[in-house]
Amino acid sequence: QVQLVESGGGLVQPGGSLRLSCAASGSIFSINDMGWYRQAPGKERELVATITSGGSTNYADSVKGRFTISRDNAKNTVYLQMNSLKPEDTAVYYCNADLRSRRWYAVTSYWGQGTQVTVSS
């Protein structure tokens, strides 16, 4: 079984920073793309940032210049460094990974349970 677990969320003041982590564990053969998504109350889930296995990144316009996605392939972990946080960044942040397990041939998308990020004074 594969599991993605996020950590690092919390309450922060506007202009502050947080670093989210997402560790994938279990019977993993390989991980392709990884990413972060977020969902605010009453809104649909939206893409925040993605990163390929080779390190190519993509960001939503709303977070460009403020957020940085990275990954440590040896640890099967993806990170999201969030700087200059704004109240509109408040949401539940979800980790995503497209990967192959050691027990199933197909590439499958997995999701973490989500971690709450609240930006408020």
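Predicted, not measured: the structure shown is a model, and the values here were computed from it. (Residues numbered from 1 in each chain as written. Predicted model: local features only at pLDDT ≥ 70, side-chain atom pairs only at ≥ 80, totals over all residues. Heavy atoms only, no water.)

Peer 1: How would you summarise unusual backbone geometry if you had to cite specific residues and measurements?
Peer 2: For Asn 76, which is not glycine, the phi dihedral falls at a positive 50°. For Asn 76, the location among the structural elements is in the loop between strand S7 (67-72) and strand S8 (77-82). Even without being a glycine, Ser 84 presents a positive backbone phi close to 50°. When you line up the elements, Ser 84 lands in the loop between S8 and strand S9 (91-101). (Helix = DSSP H or I, 4+ residues; strand = E, 2+ residues; numbered from the N terminus.)

Peer 1: Tell me about the state of the cysteines, and name the residues and values.
Peer 2: Under the definition given, this model contains one disulfide. Disulfide pairing is shown between Cys 22 and Cys 95; the S-S distance is 2.1 Å. Between Cys 22 and Cys 95, the S-S dihedral sits near -80°, and the bridge is therefore left-handed. Within this pair, whereas Cys 22 is found in strand S3 (residues 18-26), its partner Cys 95 is found in strand S9, the two being separated by 73 residues in sequence. Exposure remark for Cys 95: the relative accessible area of 0% places this residue in the buried category. (Disulfide = S-S within 2.5 Å. Buried < 20%, exposed > 50% of the residue type's maximum accessible area, 1.4 Å probe, protein only.)

Peer 1: Got a sec to walk through the packing of aromatic side chains? Specific residues and values, please.
Peer 2: This model, assessed by the stated rule, comprises two aromatic pairs. Taking the ring centre of Tyr 94 as reference, the NZ or CZ of Arg 45 above it sits at 3.8 Å. Positioned over the ring face of Trp 111 is Arg 45, at 4.7 Å from the centre of the ring. (Phe/Tyr/Trp six-rings, centres within 6.5 Å; stacked < 30°, edge-to-face > 60°. Lys NZ or Arg CZ within 6 Å of the ring centre and 35° of its normal.)

Peer 1: So what about the sheet that holds strand S1 (residues 2-7)? Which residues, and what values?
Peer 2: In spatial order, the strands read S1-S3-S8-S7; together these four strands make up an open sheet with antiparallel pairing. Two strands bound the open sheet, and with one partner strand each, they are S1 and S7. Each strand of the sheet is rotated relative to its neighbour by a mean of 15°, with strand direction disregarded. As defined by bridge partners, S1 adjoins S3 across six bridges and the pair is classed as antiparallel. Bridge pairing links Glu 6 to Cys 22 in S3. (Pairing = 2+ DSSP bridges. Axes fitted to C-alpha atoms, helices over the stretch in contact; angles between N-to-C directions.)

Peer 1: Which residues make up the pairing of S8, and what are the values?
Peer 2: Along any regular strand, the residues point their side chains to alternate faces of the sheet. The element S8 is extensively covered by neighbouring structure, given that five of its six residues are classed as buried. With six bridges joining them, S3 and S8 adopt antiparallel strand pairing. If you follow Leu 20 over to S8, its bridge partner there is Leu 80. As judged from the six bridges shared by S7 and S8, these two strands associate in the antiparallel manner. For Thr 68, the partnering residue across the bridge sits in S8 and is Gln 81. Hairpin connection from S7 to S8: four residues lie between these consecutive antiparallel strands, with Asn 76 at a positive phi of about 50°.

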